[in-house]
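Here's the letter readout for the chains.
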Amino acid sequence: MAFTYSKLAEVTVGASSVSSITINNIPQNYTDLKLVYSGRNSAAGAGIDLYISFNGSTANLTVKRIHGTGSSVASYSGTTGDIGVDDGASQTVSTFSNMEVYIPNYTSSTSKSYSADAVQENNATGAYAQLSAGLWSNNTAITSITLTPYSGSIVQYTTVTLYGVKAEV
Amino acid sequence: MAITKISNSGVNGSKYDIVSADNYYMEPIATTLVGVGGASAVTFSNIPNTYKHLQVRGIATFASGTNAIILQANGDTGSNYAWHQMYGTGSSAGSNGATSTATANISVASVSGTVGVFVTDILDYANTSKYKTYKSLTGYDNNGSGVIAMRSVLWMNTGAVTSLSLKFDTGVNFAQNTRFSLYGIRG
């Protein structure tokens, strides 16, 4: 019988903005992980990149992404855990991004791949849509996940929910 | 009362079944299958506020024209939406959008004779401190032409989503066998 999702953790940012969000002590008895994120950033930019990292390390991360800006489309290759773009302080008020990250086989003893789909809205021409494929070249099982913005802080009402996906073999 | 936990602790003997009691992530709220007469719109009303997120899934057919599906919340037909997309046609890619509009497009504009599909996620739909951002994966293929897109919609209202209405931007009817389903995702 196939089991599906269980909520493992939920974080809601309070009145004080935070520099990052970390979920620790991830149970090791699931098959995959799914992270759902709705966030906003304090920086006065036109959209602030958000990065994922694992087990407290930002090393050995690589990513390929395709993104639309509202007027153009481009593709990018980098050495970060890029997953999407948050709304910044100069964008439409009360507007939060909508992101999902899927990490299959997170406990395996091989490198970990993830996929992410993310949108950021804005009542103006510029708004980002992004698909990312990432790799953490590390054979250690994932026990913690950290979300860190490129700049600024993650603001109040940002939410993160981590689900475990279990398949009975 | 719903069963939320099952345990075999203390069970004697060797014959028992393991049943998952934690499969509560995604629950169906409502579904509509359009009948032979077609429908100008499909509305999901009285959406409970007990979930964390919503997901709308759809497959739509129609008789004529080029039409995109719009998803309006709480009966709001005003210019209180913005939308953007990143798309590919099989030969080119692009990005565009619209602001302060009533056309909250969650699907690509598909042509007569094709079947358009979409999966749309609305996070924190009951949060009264946030505008609502939809994320939609959508597309169609017409054995020649076609479009794949990731779309977003912003509903500029902090009210909890209590109803969702789907219709074509051109006003044409959904044809028979169109189906829309609404799911609640627990947090």
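This write-up is about the structure you can find in this document. Quick caveat: nothing in here was measured; it's all calculated off a predicted structure. Once a new chain begins, its residue numbering starts again from 1 and follows that chain's sequence as written. Each chain gets a letter, beginning with A, and each ligand a number, beginning with 1, in the order they are written. Restriction of local features to residues with pLDDT of at least 70 applies here, the model being predicted, together with a cutoff of 80 or more for giving and counting side-chain atom pairs; totals for whole chains, interfaces and linings are based on all residues. Side-chain numbers here rest on the full set of heavy atoms in the structure, without hydrogens or water.

1. As for the packing of aromatic side chains
Residue and element names in this part refer to chain B. To keep it simple, the criterion reads: A pair of Phe, Tyr and Trp rings is counted when the ring centres sit within 6.5 Å of each other, with Trp represented by its six-membered ring. The angle between the planes then sorts it: under 30 degrees is stacked, over 60 is edge-to-face, the rest tilted. A run of DSSP states H or I qualifies as a helix once it reaches four residues; a run of E qualifies as a strand once it reaches two. Both are numbered from the N-terminal end. Only protein chains enter the calculation, and the probe is 1.4 Å; a residue is then buried if its accessible area is under 20% of its type maximum, exposed if over 50%, and partly exposed in between.
Inspection of every chain in the model, using the stated rule, returns nine aromatic pairs over all chains. When the centroid spacing of 5.9 Å and the interplanar angle of 35 degrees are considered together, the rings of Phe118 and Phe180 count as tilted. One end of the pair, Phe118, is in strand β9 (residues 116-123); the other, Phe180, is in strand β13 (residues 179-185), with 62 residues separating them in the sequence. Taken as a pair, Phe118 and Phe180 share a single burial class, namely buried. Ring pairing ties together the aromatic residues Phe62, Phe118, Phe168, Phe174 and Phe180, which thus form one cluster.

2. Concerning the sheet that holds strand β4 (residues 48-54) of chain A
Each strand in a sheet pairs with its neighbour through backbone hydrogen bonds, running either in the same direction (parallel) or in the opposite one (antiparallel). Residues and elements named next belong to chain A. Rule in force here: At least two DSSP bridges between two strands are required for those strands to pair. Here an axis means a line fitted to C-alpha atoms, over the contact stretch when the element is a helix, while the angle between two N-to-C directions is reported on a 0 to 180 degree scale.
The four strands are arranged β2-β11-β4-β7 in an open sheet whose pairing can be described as antiparallel. The outermost strands of the open sheet, each flanked by one partner alone, are β2 (21-23) and β7 (82-86). With direction set aside, neighbouring strand axes in the sheet form an average angle of 20 degrees. Sheet topology note: the β2/strand β11 (residues 145-149) ladder contains three bridges and is antiparallel.

3. Structural notes on the nonpolar core
We count it as follows: By nonpolar core we mean a set of buried residues, namely Ala, Val, Leu, Ile, Met, Phe, Trp, Tyr and Cys, connected to one another through side-chain atoms within 4.5 Å.
By size, the foremost hydrophobic cluster in this structure holds 30 residues, and its most contacted members are Ile69, Tyr134, Leu164, Leu166, Phe174 and Phe180 of chain B. Residue assignment for this core shows that the elements contributing at least two residues are β2 (42-44), β3 (53-60), β5 (69-73), β6 (81-88), β9, β11 (146-155), β12 (164-168) and β13 of chain B. With 29 residues, the next largest nonpolar core counts Tyr30, Val63, Ile103 and Ile142 of chain A among its residues.

4. Brief notes about the interface of chain A and chain B
Many analyses report the size of an interface as the accessible area lost when the parts associate. Our working definition: Should any heavy atoms of two residues lie within 4.5 Å, those residues are counted as being in contact. A simple way to read buried area is as the amount of 1.4 Å-probe accessible surface that goes missing from two parts once joined, with both sides added. Salt bridges are defined as contacts in which a side-chain nitrogen from Lys or Arg sits within 4 Å of a carboxyl oxygen from Asp or Glu.
Contacts between the two partners involve 47 residues from chain A and, on the opposite side, 40 residues from chain B. Taken as a group, Asn98, Glu121 and Asn123 of chain A account for 19% of the area that chain A buries against chain B, more than any other trio of residues on that side. Counting every contact that joins chain A to chain B gives two salt bridges. For the salt bridge of Lys135 of chain B with Asp117 of chain A, the shortest nitrogen-to-oxygen distance reads 2.5 Å.

5. As for the pairing of β13 of chain B
All names here are of chain B. Within β13, five of the seven residues are buried, which leaves the element mostly enclosed by the surrounding structure. Note: strand β1 (residues 26-33) against β13, seven bridges, orientation antiparallel. When the sheet's bridge partners are listed, Met26 is paired in β13 with Ile185.

6. Examining the sheet that holds strand β10 (residues 132-141) of chain B
Residue and element names in this part refer to chain B. Read from one edge to the other, the open sheet built from eight strands follows the order β1-β13-β3-β9-β10-β11-β6-β7, with strand pairing classed as antiparallel. A strand with exactly one partner marks an edge of an open sheet, and here the two such strands are β1 and β7 (93-101). Adjacent strand axes in the sheet meet at a mean angle of 15 degrees, parallel and antiparallel pairs treated alike. Sheet analysis places β9 next to β10, joined by six bridges and oriented antiparallel. Within β10, the residue paired with Phe118 across the bridge is Thr138.

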